[in-house]
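Descriptive analysis of the structure
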Amino acid sequence: MVAEILVDAMPRALSRCAVLTVVSGFMLLNDMRGTALAQPSADVIQDLEHAVAPSSDAACPDPSLYATSRPNPPGEPTVVGLGVFFQDLTALNDADQTVDVDAYLIARWRDPRLAAASRGTSSAECPVPTGRLWMPQLEPERLRSRQTFYPDRFLVDAEGVVTLVRRIFAKLSYPLDF
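Let us look at the structure shown here. (Residues numbered from 1 in each chain as written. Predicted model: local features only at pLDDT ≥ 70, side-chain atom pairs only at ≥ 80, totals over all residues. Heavy atoms only, no water.)

**Brief notes about the overall build of the protein chain**
- Looking only at helices and strands, the protein chain has 1 helix and 9 strands in total.
- Mapped in sequence order, the helices and strands of the protein chain form the string β-β-α-β-β-β-β-β-β-β.
- The buried share of the protein chain, taken over its 178 residues, is 40%.
- Within the protein chain, residue pairs in contact and separated by at least 24 positions form 73% of the contacts whose partners lie at least 6 positions apart.
- By element, 53% of the accessible surface of the protein chain is carried by carbon and sulfur atoms, the whole surface being about 9900 Å². (Helix = DSSP H or I, 4+ residues; strand = E, 2+ residues; numbered from the N terminus. Buried < 20%, exposed > 50% of the residue type's maximum accessible area, 1.4 Å probe, protein only. Contact = heavy atoms within 4.5 Å. Areas by Shrake-Rupley, 256 points an atom, 1.4 Å probe, with all protein chains shown as cover.)

Below is the structure:
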């Protein structure tokens, strides 16, 4: 699926509003092992694919609403939309079979605990609640090294859809066949 995600200024070259077209997928996170998971419902997919409109006027959720448990009830999967926007492929090493990338990782999920109609069609840009709110753990496979130079962006809209944007510089090992 292709989703358009509107994000405003990231430091460096993205100093103006930009529409990033990313290839996205869905990941179902569930505490039940070995259970077949159904396709996400249409309303969840629609929520995760709508444009993000950051606003400095939108209020962040009350931190007392944060919880480290998954937002869905036990036994029900949490749908996480994932997107990767490759800014640059900085190095390709045939001998080491590694690739160095500069990429934006975008994760979106719905957390009804954070919903607030007062945000309207806007998303509040909030401090990242590390350790205080459930968030999917995102790590690329075959990761050799990772650096982050910019802070993560954490946005929440009126429906409780959370958008986490992370820019990383990573070295990944990959069997390359040249």
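Once you've had a look at it, read on.
**A word on the layout of surface pockets**
- Considered as a void within the structure, the largest pocket measures approximately 270 Å³ in volume.
- V84, L105, E139, P140 and I168 are, among the 16 residues lining the largest pocket, the residues nearest its centre.
- Every element with two or more residues in the lining of the largest pocket is listed here: β4 (78–93), β5 (98–110) and β9 (161–173).
- It is β5 that provides the largest number of residues to the lining of the largest pocket, a total of 6 residues.
- When its residues are assigned to classes, the lining of the largest pocket shows 14 nonpolar, 1 polar and 1 charged. (1 Å grid on protein atoms, 1.4 Å probe; cavity = no way out; pocket = protein on both sides within 12 Å on 5 of 7 lines; lining within 4 Å. Points joined across faces, edges and corners; volume = space filled by probe spheres on them. Nonpolar A, V, L, I, M, F, W, Y, C, P; charged D, E, K, R; others polar.)

**Comments concerning helix α1 (residues 42–49)**
- Buried residues of α1: V44, I45, D47 and L48, and no others. Down the axis of α1, the buried set is contained in an arc of 160 degrees. They therefore lie on one face. In α1, the exposed residues that point more than 90 degrees away from the buried face are A42 and Q46. (Arc of directions from axis to C-beta.)

**Overview of the side chain of D102**
- Note on placement: D102 falls in strand β5.
- The exposure class assigned to D102 is buried, which follows from its relative accessible area of 5%.
- At 2.6 Å, the side chain of D102 and the side chain of R167 are in polar contact.
- Filtering out sequence-adjacent residues up to four positions away, D102 remains in contact with F85, F86, Q87, D88, R167, I168 and F169. (Polar contact = N/O pair within 3.5 Å; in protein donor to acceptor, adjacent residues only side chain to side chain.)

**Looking at the environment of D88**
- The residue D88 is located in strand β4 in this model.
- Residues D88 and A103, spaced 15 residues apart in sequence, show a C-alpha to C-alpha distance of 6.9 Å.
- Sequence-distant contacts of D88, that is, excluding residues within four places in its chain, are made with D100, V101 and D102.

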